Amino acid sequence: QLVESGGGLVQTGGSLRLSCAASGRTFTSYTMGWFRQAPGKEREFVTSITWSGSTTIYADSVKGRFTISRDNAKNTVYLQMNSLKPEDTALYYCAAGGTLLPTNPNNYAYWGQGTQVTVSS
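Residues numbered from 1 in each chain as written. Predicted model: local features only at pLDDT ≥ 70, side-chain atom pairs only at ≥ 80, totals over all residues. Heavy atoms only, no water.

Student: Break down the overall build of the protein for me, with residues and values.
Tutor: When its secondary structure is counted, the protein shows zero helices and eleven strands. Taking 2.2 N^0.38 as the reference for a compact globule, 121 residues should give roughly 14 Å; the C-alpha atoms of the protein span a radius of gyration of 13 Å, in line with that estimate. In terms of overall dimensions, the protein has a C-alpha envelope of 40 × 25 × 25 Å along the principal axes. Of all 121 residues assigned to the protein, the portion counted as buried reaches 42%. Pairs at least 24 apart in sequence give 56% of the contacts found in the protein among residues at least 6 apart. Of the roughly 6100 Å² of accessible surface on the protein, 49% is carried by carbon and sulfur atoms. (Helix = DSSP H or I, 4+ residues; strand = E, 2+ residues; numbered from the N terminus. Rg over C-alpha atoms; globule rule 2.2 N^0.38 Å. Buried < 20%, exposed > 50% of the residue type's maximum accessible area, 1.4 Å probe, protein only. Contact = heavy atoms within 4.5 Å. Areas by Shrake-Rupley, 256 points an atom, 1.4 Å probe, with all protein chains shown as cover.)

Below is the structure:
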């Protein structure tokens with residue numbers, strides 16, 4: 001089970017830190033990803049991190065503003081979001097999957113329920 005937290009309402013330019021805590025099984029050997037879905041839009045890739053943390057990938061829209069990290073001892077993944085923009089408003093999901101095609105949501109077998117991020121202008 002994956003449980004996201006840390007979402008909320010923030011003004012443009014603000015910051016939020018999302019957490020994704022795993023329980024019931026260990027996800028330390030999985031690639032972890034963050035995706036988001038805005039109303040009326042498809043779910044889109046945000047960022048991913050390999051099990052060791054050695055490789056991260058970011059969508060162009062968040063590069064330089066968002067940072068993904070993980071603490072395998074705590075079975076937790078984080079998403080630090082800075083310089084938030086209204087277009088970052090979405091439901092943010094964390095997911096656990098394999099290492100192939102980490103930008104493709106179909107590659108992920110486990111999903112959380114999501115946490116809402118709203119950025120006001």
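Now that the structure has been shown, we can carry on.
Student: Before we move on, could you go through the pairing of strand E7 (residues 66-71) and cite the residues and values that matter?
Tutor: What you see with E7 is a clean split: Phe-66, Ile-68 and Arg-70 sit on the buried side and Thr-67, Ser-69 and Asp-71 on the side with no burial. The sheet contact formed by E7 and strand E8 (residues 76-81) spans six bridges and is antiparallel. Its bridge partner lying in E8, Asp-71 is registered against Thr-76. Hairpin connection from E7 to E8: four residues lie between these consecutive antiparallel strands, with Asn-75 at a positive phi of about 55°. (Pairing = 2+ DSSP bridges.)

Student: With reference to specific residues and values, describe the pattern of salt bridges.
Tutor: Applying the stated criterion across every chain, the model contains four salt bridges. Salt-bridge contacts for Arg-36 lead to Glu-44; the nearest nitrogen and oxygen are separated by 2.6 Å. Of the residues examined, Arg-36 reaches a relative accessible area of 5% and is grouped as buried. When its relative accessible area of 35% is taken as the criterion, Glu-44 is described as partly exposed. One salt bridge connects Asp-88 with Arg-36, and the closest N-O pair in it is separated by 2.9 Å. With Asp-88 in the loop between E8 and strand E9 (90-97) and Arg-36 in strand E4 (residues 31-37), this pair connects stretches of sequence that are 52 residues apart. (Salt bridge = Lys/Arg side-chain N within 4 Å of Asp/Glu carboxyl O.)

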